[in-house]
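Here is how the chains run, residue by residue.
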Amino acid sequence: MEDHAIVELYFARDENAITETAKKFGAYCRTIAYNILASRRDAEECENDTWLAAWNSIPPNRPGRLAPYLGRITRNLALDRHDHDTAQKRGGTLGGVLLELDECLPAPGTVADHAEAAETARQISAFLRTLPEESRGIFLRRYWYCDATADIARRYHISDSKVRVTLHRVRGKLKHYLEQEGVYL
Amino acid sequence: MNARDLFEAIGMVDEDLVEEADGPVRRPAWTPRRVMGRVLSVAACLCIVGAAVLSFGRGMFSAKSSAGAMLQNEAAGGAADAAPETAPDTAQAPAFYDAADDAASEKSAGSMGIPAELAEKMTPTSGAGSGVALMAYDYTEIARVDPLEGELPQALAIYRGTLAGRCLNTDAMTDTMRSALTALGYDPALADDAQLTTGYDEESTQDPEAVAQSLYEKFGIGSELDYWSGLAWMEVDLPDGGSLSVNNELTLTVTLTGDETGALTDAQAAEEADTILKANAGLLDALGGYDAMGLTGGDYSYDGTRQQFWAVLYRTGETPSEQLAGYDLAQASFSADGTGKLLSLTIPGAALAESVGEYPLISREEAAALLAGGSYLNAQYDESAPAAADIEQAESYLCYTGGRALYYVPMWCFVVDEGERENTADGLHSYRPYYVPAVSLDTLGTLLAD
């Protein structure tokens, strides 16, 4: 079913909206959650929570494309759950992802206490649009979708080392870009 | 702001970017490559490999860490293209690199029954020939175009790749860039202003040991050729917008200004092939004679819901070697706007591989017997060759594997239907390619001995 048709089900408060959403985006959202949580059970719970969040937010929201809309909900839910369950040992890629993103930050003491997240996101979007499509995709697969580098390598049919080199270079460029744009004050 | 804040901000980037990253990828999973007839008329690698040439074989890697010394020279203000007169472009892979790690790596070359010293020279470390299975409901969905059009030649060329010298290719990179600038209608002297980046740490350190350790820890470089490929790149901004870059493997990427929002999808590009070829005829001819486009791919995601296709430009040719190489080694990825004008073009370094001569081919039957006996070549290690019955029924064709290799040897590719797999959609079959050199191993042993 096309996205717009599913959205209309939400607006009509037709519960088939959930069924159709799960059928089309279940695996997609579970993958995002699993990448962060490394637990199939937790990933499934996040998936279900995503459908509830979607039901509660559509309407009034009318997403043009459901995949990124739902994916973002799942990502945030998985993050919250990851933070909550700190006592448990976790696999997943989030730890490594955060360590890598540390490289995009300037030295301690040079950063404003809080950079407005939405503004930072806009700057990052603008930066990503300056990149070649493959580099952009590799960056987002790692830091939005939290894919393992080996999975990214398989997706793009390149070596694992090339993925890591690309990520390293893009992180460096991102850091420079954010500094230039004054995100780091 | 901390890393977590940054991670959350990344979560809020524009949705079209997120969606694009989940879309089809513009690179073939595996595609037997054809070797093109024409190659760019640029200088070959001018590197001089001195007495420290590596005796490369699995587990026999040893090298001086001159990569660090080279970077130190850079940091001290020496330009890479003004390398010392005594040893231009003589960077060697750092000593930390242990080829034995390759054998244990999932990505490492594996060969059954083919001498290691031959296998490592023609086993691709990227791209086609990886031995990765493709998923499809029927082989016809992933069957490739036959550049030989059903004709079986008696002989095919062997090509020497741009990384065969295992050195820094600064001069060749510059020449490639100059040729591309000329092809684009710009002053080739712009190449003199190109930014050359060398090494894996753009904030190059003065300490060679630190650089070497950084490379290994940060990137876990999987193969020597991966190392050489990414060791350096040059890029220059074009006067009218866009950019040009060349890496150490001589892979050329051209980015032109245009309306990206109206960019054609791969399927649309395939429909508009004639339009695109005509709209860019001069440029494609100047960049090596690209005169054809094909839609390749066709494999499915494991859940059977998404199928990947991509449109590629390639070169037709007159001789069988030209036909096969033109398709397999020189496939160029691209993007075009709504009018068919190119927005970007990437020509792989393999397109510049040079022929070292044509050699008689073994028959399909002989190749099949070798495969059944366990003599085959896959970049991913396999524990056993497929059964003789499976090979008998396999689809087969001649090809070059493309990707990254020291030498491109014509191969017989056998595509074996492995049937359905667990955790994949019902009816989806796994098709795995096996590559057997199509030239006798005795010939290869003589040719590739160095």
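All values derive from a computational prediction rather than experimental measurement. (Residues numbered from 1 in each chain as written. Chains lettered and ligands numbered in written order. Predicted model: local features only at pLDDT ≥ 70, side-chain atom pairs only at ≥ 80, totals over all residues. Heavy atoms only, no water.)

On a plain count of helices and strands, chain A comes out with nine helices and zero strands. Ordered by position from N to C terminus, the α and β elements of chain A give α-α-α-α-α-α-α-α-α. When the 185 residues of chain A are sorted by exposure, 51% land in the buried category. The contacts in chain A between residues at least 6 apart in sequence include a share of 67% that link residues at least 24 apart. For chain A, the exposed area adds up to about 8,600 Å²; of that, 51% sits on carbon and sulfur atoms. (Helix = DSSP H or I, 4+ residues; strand = E, 2+ residues; numbered from the N terminus. Buried < 20%, exposed > 50% of the residue type's maximum accessible area, 1.4 Å probe, protein only. Contact = heavy atoms within 4.5 Å. Areas by Shrake-Rupley, 256 points an atom, 1.4 Å probe, with all protein chains shown as cover.)

Residue and element names in this part refer to chain B. What the eight strands build is an open sheet, ordered β4-β5-β6-β7-β11-β10-β9-β8; its pairing is antiparallel. Unpaired on one side and paired on the other, β4 (195-198) and β8 (292-300) mark the two borders of the sheet. On average, each strand axis in the sheet is tilted by 20° relative to the strand beside it, whichever way the strands run. With two bridges joining them, strand β9 (residues 307-314) and strand β10 (residues 332-336) adopt antiparallel strand pairing. Looking across to β10, one finds that L313 is bridged to A332. (Pairing = 2+ DSSP bridges. Axes fitted to C-alpha atoms, helices over the stretch in contact; angles between N-to-C directions.)

This paragraph deals with unusual backbone geometry. Going from I58(A) to P59(A), the amide bond is cis rather than trans, its omega being -15°. The topology assignment puts P59(A) in the loop between α3 (40-57) and α4 (66-84). A cis amide bond links P59(A) with the next residue in sequence, P60(A), at an omega value of 10°. Relative to the assigned elements, P60(A) resides in the loop between α3 and α4. Although it is not a glycine, L250(B) sits at a positive phi angle of roughly 70°. Along the chain, the position of L250(B) falls in the loop between β6 (243-247) and β7 (252-255).

Residue and element names in this part refer to chain A. Where helix α7 (residues 133-143) meets helix α8 (residues 149-156), the axes come as close as 10 Å, and the angle between the chain directions of the two elements is 145°. Two packed elements cross with a definite hand, and for α7 against α8 that hand is right-handed. Every residue of α8 that contacts α7 at E134, G137, I138, R141 and R142 is listed here: T149, I152, R155 and Y156. Considering only residue class, the contact of α7 with α8 consists of three nonpolar, two polar and four charged. (Left-handed = near helix turned anticlockwise from the far one by under 90°. Nonpolar A, V, L, I, M, F, W, Y, C, P; charged D, E, K, R; others polar.)

Another point: the pattern of salt bridges. Residues and elements named next belong to chain A. Tallied over the full model, the rule gives 24 salt bridges over all chains. Salt-bridge contacts for K23 lead to E20; the nearest nitrogen and oxygen are separated by 3.8 Å. Taken together, the residues span about one helical turn, with K23 and E20 both in helix α2 (residues 16-37) at a distance of three residues. Owing to a relative accessible area of 17%, E20 belongs among the buried residues under this scheme. Between D147 and R141 there is a salt bridge; the shortest N-O distance is 2.7 Å. Assigned by exposure class, D147 and R141 land together as buried. Each of E100, E103, R142 and R171 takes part in a single network of salt bridges with overlapping partners. (Salt bridge = Lys/Arg side-chain N within 4 Å of Asp/Glu carboxyl O.)

Side-chain positions along a regular strand alternate between the two faces of the sheet. Residue and element names in this part refer to chain B. Burial of strand β16 (residues 411-420) is extensive: seven of the 10 residues sit out of reach of the surface. Summarising the sheet, strand β14 (residues 395-399) and β16 pair through five bridges and their orientation is antiparallel. By the bridge assignment for β16, E395 is matched with V415. Where β16 meets strand β17 (residues 429-437), eight bridges bridge the pair, whose relative direction is antiparallel. Its bridge partner lying in β17, M411 is registered against P437.

This part covers the nonpolar core. Side chains of nonpolar character tend, in soluble globular proteins, to be buried together. M177(B), L244(B), L313(B), F334(B), L345(B) and F414(B) are the most contacted members of the largest nonpolar core, which has 102 residues in total. Beyond its immediate chain neighbours, meaning those up to four positions away, F414(B) contacts R364(B), A367(B), A368(B), L371(B), I391(B), A394(B), E395(B), S396(B), R432(B), P433(B), Y434(B) and V436(B). Core analysis: the second largest hydrophobic core is formed by 63 residues, A54(A), A78(A), C146(A) and L6(B) among them. (Core = buried A, V, L, I, M, F, W, Y, C linked by side-chain atoms within 4.5 Å.)

Residues and elements named next belong to chain B. Overall, antiparallel pairing links the three strands, which are arranged β12-β3-β15 in an open sheet. Sheet topology places β12 (354-360) and β15 (407-408) at the edges, where each strand pairs with a single neighbour. Note that strand β3 (residues 155-160) and β12 share five bridges and pair antiparallel. Within β12, the residue paired with R160 across the bridge is E354. Along the sheet, helix α12 (residues 320-328) contacts β3 and β12; its crossing angle with β3, the most-contacted strand, is approximately 50°.

Counting across every chain of the model gives 11 aromatic pairs over all chains. Here Y314(B) and Y327(B) contribute two aromatic rings whose centre-to-centre distance is 4.6 Å and whose plane-to-plane angle is 80°, an arrangement assigned as edge-to-face. With Y314(B) in strand β9 and Y327(B) in helix α12, the pair connects residues that are 13 residues apart, well separated along the chain. Residues Y314(B) and Y327(B) agree in their burial class; the two are buried. Clustering of aromatic rings is evident, with ring pairs tying together F25(A), Y28(A), W144(A) and Y145(A). Note that R62(A) overlies the ring of F11(A), its terminal NZ or CZ placed 3.9 Å from the centroid. When the ring centre of Y145(A) is taken as origin, the NZ or CZ atom of R141(A), which lies over that ring, is 3.9 Å away. (Phe/Tyr/Trp six-rings, centres within 6.5 Å; stacked < 30°, edge-to-face > 60°. Lys NZ or Arg CZ within 6 Å of the ring centre and 35° of its normal.)

With that settled, consider the packing of helix α5 (residues 94-101) of chain A against helix α1 (residues 3-10) of chain B. Where α5(A) meets α1(B), the closest approach of the two axes is 8 Å, and the angle between their N-to-C directions is 100°. By the angle between their axes, α5(A) is roughly perpendicular relative to α1(B). Side by side, α5(A) and α1(B) meet where L94(A), V97(A), L98(A) and L101(A) of the first sit next to A3(B), R4(B), L6(B), F7(B) and I10(B) of the second. Taken together, the residues of the contact of α5(A) with α1(B) break down into eight nonpolar, no polar and one charged. (Parallel < 35°, antiparallel > 145°, perpendicular 65-115°, else oblique.)

Residue-level pLDDT values for chain A average 83, and 89% of them are 70 or greater. Highest mean pLDDT in chain A belongs to α7(A) (93); lowest belongs to α5(A) (81). (pLDDT = per-residue confidence, 0-100.)

Here we take up the side chain of N169(B). Examined against the element boundaries, N169(B) turns out to sit in the loop between β3 and α6 (170-183). Among the polar contacts listed, one links the side chain of N169(B) to the backbone oxygen of T162(B), at a separation of 3.2 Å. (Polar contact = N/O pair within 3.5 Å; in protein donor to acceptor, adjacent residues only side chain to side chain.)

Turning next to the environment of E418(B). Residue and element names in this part refer to chain B. Turning to its location among the elements, E418 is positioned in strand β16. Taking the C-alpha atoms as reference, E418 lies 6.7 Å from H429; in sequence the two are 11 residues apart. If we ignore the near neighbours within four places in the chain, the residues touching E418 are A133, S430, R432 and Y434. At 2.7 Å, the side chain of E418 forms a polar contact with the side chain of R432.

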